[in-house]
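Architecture and fold: a report
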Amino acid sequence: MLFRSNKGVAQTRIVFKAGAGMNSEVCLADFDGHNAQAVTSDNTIVAAPAWSPGRQVLYYTSYKFGRPEIFFHDLASGQRRAIARYGGSNISPAPSPDGSKVAMILSKDGWVDLYVCNTDGSDLKRLTKTPEDDSSPCWSPDSQWICFATKVNGRRKLCKVPAAGGAVQTIRTDGVSSPSEPDWSPDGRWIAFTAQMGNFEICVVPAGGGTATVLVDGKDSSWSPNSRTLVFVRQDSGEAHLSLLDVPTKQVKDVTRVLSRNNSQPSWAR
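Residues numbered from 1 in each chain as written. Predicted model: local features only at pLDDT ≥ 70, side-chain atom pairs only at ≥ 80, totals over all residues. Heavy atoms only, no water.

1. Section: the overall build of the protein chain
In plain terms, the rule: Starting at the N terminus, helices and strands are each numbered in turn, a helix being any DSSP run of H or I of at least four residues and a strand any DSSP run of E of at least two. Using C-alpha atoms as the atom set, the radius of gyration is obtained and then compared with a globule rule of 2.2 Å times the number of residues to the power 0.38. Relative accessibility decides the category of a residue: with a 1.4 Å probe and only protein chains considered, values under 20% of the type maximum give buried, values over 50% give exposed, and everything between is partly exposed. The contact rule is simple, with two residues in contact once any of their heavy atoms fall within 4.5 Å.
From N to C terminus, the protein chain includes zero helices and 26 strands. Here the C-alpha radius of gyration of the protein chain, 17 Å, is about what a compact globule of 270 residues would show, namely 18 Å. Counting only C-alpha atoms, the protein chain reaches 45 × 40 × 35 Å along its principal axes. Taking all 270 residues of the protein chain together, 51% fall into the buried category. Residue pairs in contact within the protein chain that sit at least 24 positions apart in sequence constitute 37% of those at least 6 positions apart.

Here it is in structure tokens:
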């Protein structure tokens, strides 16, 4: 198993959710947890913060106005606005690597399906239509495919669909069960994901599908720009901590504890 390391991570940052329930905020820090600061001060539920690659822009879900809506947030100016506030849930925003689109999960039409739109929320397009709940979209590095978790014949699977629309294809994850929370490596070779097999396990599989490799207990993994390291969430004595995983060696190092006893849903800037 070879992992490329083309870009350094020393100057990179992560964004994450700090806190739990109604006391959670979107925060950012250096990749090692230093220089942590809150981005929001909404005093409500937030979820799934994600960087727009190459930009100082975040997308996330907030209950600021009483229901889950997806926000665009410019870190430089502080400007933010809702780009998806349909009836039902508006969750799991995932900006494309080329900066032109945002994938998301909406329940506006009665089912919990995958949609894609322009970065300002315009030109919304539905990509799936199934009674099974879709979740956790992520993009291929060339912005041509969206990988997501769903169910096929009652069993949880990873799938992908062309970002322009088309047939849904299953991604095999042989050797593990209940895959969710996929993240496509920047070099295009791997998909990291969470498998639920009694415990939550961080796994990787070739992007084309195949035999999965279990790496470590944990969930919510996100690739670094060098396609070698993952930031993920490790449970310890009922608290959630951010940790770094060197994938080839399986070595784990905890991130400096930041802002809260519960830090989750990290996203690494690329």
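2. Considerations on unusual backbone geometry
Backbone geometry places Asn 43, a non-glycine residue, at a positive phi of 55 degrees. Relative to the helices and strands, Asn 43 resides in the loop between β3 (37-38) and β4 (46-51). A positive phi is found at Ser 92, a non-glycine position, where the angle reads about 55 degrees. Along the chain, Ser 92 falls in strand β8 (residues 90-95).

3. Description of the side chain of Thr 130
Relative to the assigned elements, Thr 130 resides in the loop between β11 (125-126) and β12 (135-139). The exposure class assigned to Thr 130 is buried, which follows from its relative accessible area of 18%. Among residues more than four places away in sequence, those in contact with Thr 130 are Trp 111 and Asp 113.

4. Remarks on the pattern of salt bridges
Put simply, the rule reads: We define a salt bridge as a side-chain nitrogen of Lys or Arg found within 4 Å of a carboxyl oxygen belonging to Asp or Glu.
Under the criterion given, the structure shown has 12 salt bridges. Among the ionic pairs, Lys 108 bridges to Asp 109, the shortest N-O distance being 3.5 Å. Of the residues examined, Asp 109 reaches a relative accessible area of 40% and is grouped as partly exposed. In this structure, Asp 109 and Arg 126 form a salt bridge, with 3.5 Å as the shortest nitrogen-oxygen distance. Highlighted residues: Asp 109 in the loop between β9 (101-106) and β10 (113-118) and Arg 126 in strand β11, separated in sequence by 17 residues. Through salt bridges that share partners, Lys 108, Asp 109, Asp 113 and Arg 126 make up one connected network.

5. Remarks on the environment of Gly 110
As for its position among the elements, Gly 110 is in the loop between β9 and β10. Residues Gly 110 and Arg 261, spaced 151 residues apart in sequence, show a C-alpha to C-alpha distance of 36 Å.

6. Side note on the pairing of strand β19 (residues 199-206)
Selection rule: Strands are labelled as partners when DSSP assigns at least two bridges between them.
When strand β18 (residues 190-197) meets β19, the two strands line up antiparallel, connected through eight bridges. Residue pairing across strands places Thr 194 opposite Ile 202, the latter belonging to β19. Connecting β18 to the antiparallel partner β19 that follows it, the hairpin turn spans one residue, and Gly 198 within it adopts a positive phi of roughly 85 degrees. Bridge count for β19 against strand β21 (residues 213-217) is four bridges, and the pairing is antiparallel. Within β21, the position partnered with Val 204 by the bridge is Thr 213.

7. Quick word on the sheet that holds β21
Defined as follows: Here an angle of 0 to 180 degrees is reported between the N-to-C directions of two axes, which are lines fitted to C-alpha atoms, with helices fitted over the stretch in contact.
The antiparallel open sheet is built from four strands, whose spatial order is β17-β18-β19-β21. Looking at strand neighbours, the two that pair on one side only are β17 (179-184) and β21, the edges of this open sheet. Adjacent strand axes in the sheet meet at a mean angle of 25 degrees, parallel and antiparallel pairs treated alike.

8. A closer look at the sheet that holds strand β23 (residues 229-236)
Reading across the sheet, the four strands line up as β22-β23-β24-β25 and stay open at both edges, with antiparallel pairing between neighbours. The sheet is open, and its two edges are formed by β22 (219-223) and β25 (251-254), each paired on a single side. Strand-to-strand twist across the sheet, computed as the mean angle between neighbouring axes with direction ignored, equals 30 degrees. The sheet contact formed by β23 and strand β24 (residues 239-246) spans eight bridges and is antiparallel. Each bridged residue has a counterpart across the sheet, and for Gln 235 the counterpart in β24 is Ala 240.

9. Considering the environment of Asn 118
By the secondary structure assignment, Asn 118 is in strand β10. For the pair Asn 118 and Val 102, spaced 16 residues apart in sequence, the C-alpha separation works out to 6.1 Å. The residues contacting Asn 118, other than those within four sequence positions of it, are Ser 100, Lys 101, Val 102 and Asp 123.

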